[in-house]
Protein chains: 2
Amino acid sequence: MTNVTTAAADSTPPGDGDAAPDSSGPTAAQPGTSAAGRPRRARGEQTRQLILETALRLFRERGYAETTMRAVAKEAGVAVGNAYYYFDSKEHLIQGFYDRNQAAHRIKAEPVLATEKEFAARLRGVLHAGIDVNEPYHSFAATFFKTAAEPSSPLSPFSAESSPARSAAITIFQEVVDGSSAKLDPELRRELPELLWLGWMGIVLFWVYDSSPGQRRTRRLIDGAVPLIDRLVSLSRLRVLRPALRQILALIASVRSNGE
Amino acid sequence: MTNVTTAAADSTPPGDGDAAPDSSGPTAAQPGTSAAGRPRRARGEQTRQLILETALRLFRERGYAETTMRAVAKEAGVAVGNAYYYFDSKEHLIQGFYDRNQAAHRIKAEPVLATEKEFAARLRGVLHAGIDVNEPYHSFAATFFKTAAEPSSPLSPFSAESSPARSAAITIFQEVVDGSSAKLDPELRRELPELLWLGWMGIVLFWVYDSSPGQRRTRRLIDGAVPLIDRLVSLSRLRVLRPALRQILALIASVRSNGE
DNA sequence: GACCGTAGTTGAACACGTTCAGAAAGGTGC
DNA sequence: GCACCTTTCTGAACGTGTTCAACTACGGTC
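Residues numbered from 1 in each chain as written. Chains lettered and ligands numbered in written order. Predicted model: local features only at pLDDT ≥ 70, side-chain atom pairs only at ≥ 80, totals over all residues. Heavy atoms only, no water.

K.L.:
Would you mind showing me how to read the overall build of chain A here?
P.N.:
When helices and strands are tallied, chain A shows 10 helices and zero strands. Starting at the N terminus and ending at the C terminus, chain A contains elements arranged as α-α-α-α-α-α-α-α-α-α. Summarising the internal contacts of chain A: among those between residues at least 6 apart in sequence, 70% fall at separations of at least 24. About 13300 Å² of surface is accessible on chain A, with carbon and sulfur atoms providing 57% of the total. (Helix = DSSP H or I, 4+ residues; strand = E, 2+ residues; numbered from the N terminus. Contact = heavy atoms within 4.5 Å. Areas by Shrake-Rupley, 256 points an atom, 1.4 Å probe, with all protein chains shown as cover.)

K.L.:
Would you explain the interface of chain A and chain B in this entry?
P.N.:
It is common to report an interface's size as the accessible area lost on association of the parts. On the chain B side, the residues contacting the 40 residues of chain A number 40 residues. For the pair chain A and chain B, the summed buried area comes to about 3500 Å², and 62% of that belongs to carbon and sulfur atoms. Of all residues in chain A, Lys146(A), Tyr209(A) and Arg220(A) give up the largest surface area on contact with chain B, accounting jointly for 19% of the area buried on that side. Linking chain A with chain B are six residue pairs in polar contact (both at pLDDT 80 or more), by the criterion used here. Mapped onto the side of chain A that touches chain B, the elements with two or more residues apiece are α6 (138-148), α8 (186-209), α9 (216-235) and α10 (242-256) of chain A. Counting residues per element, the side of chain A that touches chain B draws most heavily on α9(A), at 10 residues. In terms of residue class, the side of chain A that touches chain B is made up of 22 nonpolar, nine polar and nine charged. (Buried area = accessible area lost by both parts, 1.4 Å probe. Polar contact = N/O pair within 3.5 Å; in protein donor to acceptor, adjacent residues only side chain to side chain. Nonpolar A, V, L, I, M, F, W, Y, C, P; charged D, E, K, R; others polar.)

K.L.:
Hey, could you run me through the side chain of Gln215(B) in this one?
P.N.:
Mapping Gln215(B) onto the fold places it in the loop between α8 (186-209) and α9 (216-235). Residue classification places Gln215(B) among the buried residues on the basis of a relative accessible area of 9%. (Buried < 20%, exposed > 50% of the residue type's maximum accessible area, 1.4 Å probe, protein only.)

K.L.:
So what exactly am I meant to see when it comes to the packing of aromatic side chains here?
P.N.:
The geometry of an aromatic ring pair is captured by the separation of the ring centres together with the interplanar angle, meaning the angle of the planes. Applying the stated criterion across every chain, the model contains five aromatic pairs over all chains. For the ring pair Phe97(B) and Tyr137(B), a centre distance of 4.8 Å and an interplane angle of 65 degrees mean the geometry is edge-to-face. With a gap of 40 residues between them, Phe97(B) in helix α4 (residues 90-115) and Tyr137(B) in the loop between α5 (119-134) and α6 (138-149) connect regions that are remote in the sequence. Tyr137(B) matches Phe97(B) in its accessibility class, with the two residues each being buried. Over the aromatic face of Tyr64(A) sits the side chain of Lys90(A), whose NZ or CZ is 4.4 Å from the ring centroid. (Phe/Tyr/Trp six-rings, centres within 6.5 Å; stacked < 30°, edge-to-face > 60°. Lys NZ or Arg CZ within 6 Å of the ring centre and 35° of its normal.)

K.L.:
Sorry if this is basic, but what is going on with the nonpolar core here?
P.N.:
Most often, soluble globular proteins keep nonpolar side chains buried together rather than apart. Phe173(A), Phe119(B) and Phe173(B) are the most contacted members of the largest nonpolar core, which totals 79 residues. Look past the residues within four positions of Phe119(B) in its chain and what remains in contact with it is Val176(B), Val177(B), Ser180(B), Ala182(B), Leu192(B), Leu196(B), Ile229(B), Asp230(B) and Val233(B). (Core = buried A, V, L, I, M, F, W, Y, C linked by side-chain atoms within 4.5 Å.)

K.L.:
Explanation requested: the protein's contact with DNA strand D in the structure shown.
P.N.:
Lining the immediate surroundings of DNA strand D are 18 residues, of which Arg70(A), Tyr84(A), Lys90(A), Ala79(B) and Tyr86(B) lie closest. Near the protein, within 4 Å, the atoms of DNA strand D are sugar or phosphate in 62% of cases. The contact in question runs from a phosphate oxygen of DNA strand D to an N or O atom on the backbone of Ala79(B), over 2.7 Å. Contact distances for DNA strand D include 3.2 Å between a sugar or linking oxygen and a side-chain N or O atom of Asn82(B). (Near = heavy atom within 4 Å.)

K.L.:
Would you take a moment to explain helix α7 (residues 163-178) of chain B for this structure?
P.N.:
Count 3.6 residues to each turn of an α-helix, and residues three or four apart come out pointing the same way. Residues and elements named next belong to chain B. In this model α7 runs 22 Å from its N-terminal to its C-terminal C-alpha over 16 residues, within 8% of the 22 Å that 1.5 Å per residue would give. When α7 is considered as a whole, its buried residues turn out to be Ala165, Arg166, Ala169, Ile170, Ile172, Phe173, Val176 and Val177. Projected down its long axis, α7 carries its buried residues within an arc of 145 degrees, all on one side. (Expected span 1.5 Å × (residues − 1). Arc of directions from axis to C-beta.)

K.L.:
For this particular structure, what's the right way to read the protein's contact with DNA strand C?
P.N.:
Lining the immediate environment of DNA strand C, one finds 20 residues, of which Ala79(A), Met69(B), Arg70(B), Tyr84(B) and Lys90(B) sit closest. The share of sugar and phosphate among atoms of DNA strand C within 4 Å of the protein is 64%. Taking Thr67(B), its main chain carries an N or O atom lying 3.4 Å from a phosphate oxygen of DNA strand C. At the level of secondary structure, the elements contributing two or more residues to the surface near DNA strand C comprise α1 (42-62) and α3 (80-86) of chain A together with α2 (69-76) and α3 (80-86) of chain B. With four residues, α3(A) is the largest single contributor of residues to the surface near DNA strand C. For the surface near DNA strand C, the per-class residue count stands at seven nonpolar, seven polar and six charged.

K.L.:
Help me out: how do you make sense of the relation of the copies chain A and chain B in this one?
P.N.:
Applying a rotation about an axis and a shift along it to one chain copy brings it onto the other copy. With an axial shift of 0.0 Å and an RMSD of 0.2 Å, the rotation relating chain A to chain B amounts to 180 degrees. Viewed as a symmetry operation, the transformation between the two copies matches a two-fold axis. In terms of C-alpha distance to the rotation axis, chain A has Lys146(A) as its closest residue, with the C-alpha 2.9 Å off the axis. The share of interface residues of chain A whose copies in chain B are also at the interface is 100%, consistent with both copies meeting through the same surface. (Least-squares fit on C-alpha atoms with pLDDT ≥ 70 in both.)

K.L.:
Whenever I open this one, the pattern of salt bridges confuses me. Can you help?
P.N.:
Charged atoms that come close allow side chains of opposite charge to pair. Residues and elements named next belong to chain A. Scanning the model with the defined rule gives 24 salt bridges over all chains in all. Between arginine 106 and glutamate 175 there is a salt bridge, with the nearest N and O atoms lying 2.4 Å from each other. Of this pair, arginine 106 sits in helix α4 (residues 90-115) while glutamate 175 sits in helix α7 (residues 163-178), and the two are 69 residues apart along the sequence. A single salt-bridge network, built from bridges that share partners, covers Asp185, Glu187, Arg242 and Arg246. (Salt bridge = Lys/Arg side-chain N within 4 Å of Asp/Glu carboxyl O.)

K.L.:
Which parts of the structure should I look at to understand the environment of Phe59(A)?
P.N.:
All names here are of chain A. Checked against the element boundaries, phenylalanine 59 lands in helix α1. Measuring from C-alpha to C-alpha, the distance between phenylalanine 59 and leucine 241 comes to 48 Å, with 182 residues separating the pair along the chain. Beyond its immediate chain neighbours, meaning those up to four positions away, phenylalanine 59 contacts Tyr64, Thr67, Lys90, Leu93 and Phe140.

K.L.:
Please explain helix α10 (residues 242-256) of chain B as it appears in this structure.
P.N.:
The end-to-end C-alpha distance of α10(B), which contains 15 residues, comes to 21 Å, matching closely the 21 Å that a straight helix rising 1.5 Å per residue would cover. Where α10(B) is buried, its residues touch α8 and α9 of chain A together with α8 of chain B.

K.L.:
Just to check I follow, could you spell out the side chain of His138(A) for this structure?
P.N.:
Following the sequence through the fold, His138(A) ends up in helix α6. Polar side-chain contacts of His138(A) include one of 3.3 Å to the backbone oxygen of Asp210(A).

K.L.:
What should I look at first to understand the environment of Ala244(A) in this one?
P.N.:
Inspection of the secondary structure puts Ala244(A) in helix α10. Among all residues touching Ala244(A), those that are not within four sequence positions of it are Leu228(B) and Arg231(B).

K.L.:
Please clarify how the confidence of the model for chain A should be interpreted in this entry.
P.N.:
It should be kept in mind that the predicted coordinates are not to be read in detail where pLDDT is low. Chain-level statistics for chain A give a pLDDT mean of 80 and a share of 83% at 70 or above. This stretch, residues 1-39 of chain A, has a pLDDT under 50; its non-local contacts, to residues over four places away or in other chains, come to 27 contacts. (pLDDT = per-residue confidence, 0-100.)

K.L.:
Just checking my understanding: could you explain the packing of α4(B) against α7(B) for this structure?
P.N.:
All names here are of chain B. Look at α4 against α7: their axes get within 10 Å of each other, and the N-to-C directions meet at 10 degrees. In terms of orientation, α4 and α7 fall into the roughly parallel class. Side by side, α4 and α7 meet where Tyr98, Asp99, Gln102, His105, Arg106, Glu110 and Leu113 of the first sit next to Ala165, Ala168, Ala169, Thr171, Ile172, Glu175 and Val176 of the second. Considering only residue class, the contact of α4 with α7 consists of seven nonpolar, three polar and four charged. (Axes fitted to C-alpha atoms, helices over the stretch in contact; angles between N-to-C directions. Parallel < 35°, antiparallel > 145°, perpendicular 65-115°, else oblique.)

As structure tokens, this is what we get:
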């Protein structure tokens, strides 16, 4: 059958993501996935990659909505049902895109984090790197975003399923803060990575909606917002602003607690 | 073209809701009640309202995804195609929900705006009113949000089609600012309504994702954020913050210009 | 080799959103 | 009454995402 000569793994990033999708659905567990280890057979893994590659290629070529599952299956040389054996839904194919770009962002941000010392420069570099990585997918990312926006969707950046990818992303901003020479309020320092990630989500949101040529407005937003954040972060140690800062941190803590 | 707005008396006079007493049969259209000749389009408008009412009811009862167009049509006693005669798509039915809640928000906010004078109290009242109005639809609003999140969708709060609804919403915050006793930087005063609306969008986003019982976290977010905003707005006249404020306003202006 | 269990695979079938060619319904001018 | 038009309405039909019972391939056991 589908002789897949290509070496397995292809360009598969090390992370591989996909932490046990296991849809907690009504019926029994998914075949092939075992809790801890990954006893997936080589053959299956190969097919899985083939389907994912094909799907992402078609998404890029035709767009998400215009790519049918039948087309993906046909192009990959398998039956429709086979795609559903490996991916719970069409949306789940997007998770591959998600993970891949996450890894690419990290890689692209690495040089900046290694060389720059100033907070503003580090942040700016990381943000632009993120846009760089996503740029080729702008038109398709809009649809992707639509899908991810549903809170109940496992693709939501806030969902439990995305938790690994989310912490990975936050880690980048952790490094932005940790490696920087900026002096700031210790409590703020603790919260800052997550806040920056939240800001990043906002920028992505803006970017998705940005229809200016080359998404220049998003670039301008970054260039304008970074010195601003830098300034505000510096001001955080100012006496007049102390109470306000405390207030913000208290609000975050309060809102975060799911309970009473 | 599609222009679905029909500002006509959307407020749903209680009696009207209808039920069309004789409508046991599917067709049964009541002819023009000889005496009081209705205006020409009356019949169509009636059907339109009937379909919208039915759809929103079913959305509330079963959820958006679980409500099929066939079910809406059957429940309303019309053919599927008829629903598509009045609404371009299933998503467009949501626009009715959108407009209605917009109006309800305004009405609910009215008393607060009429009595309160302090900025913080006005803002807090308006925000809570907005949540109050949307509360019954929380579970369904999640799906609604997913749909609206697609930038190309006419339902997006940033789309051209939503422009009227958007300005209506911004107007509310305009009143929050205008009627308040707060003293603030004149330039900021000019921009504040739109910024507050943007903040409101953020709160709605948070609310959509808020799975705490009764969405208490969103309430807490409002209660915590309002005094914070109030304080920051007051501080806007402080000398140290002047440059930062100017920077923010310049950034907004820069990002806003779509062009070069 | 024969048997069996499971990973892998198939494609018809289902329910859905949407479309479309046309049938009613109702008005207007003669 | 009749012809003609627009508005309103119909339901079969299309393409889609998704499901499912059944089939195949293959590794292990006796």
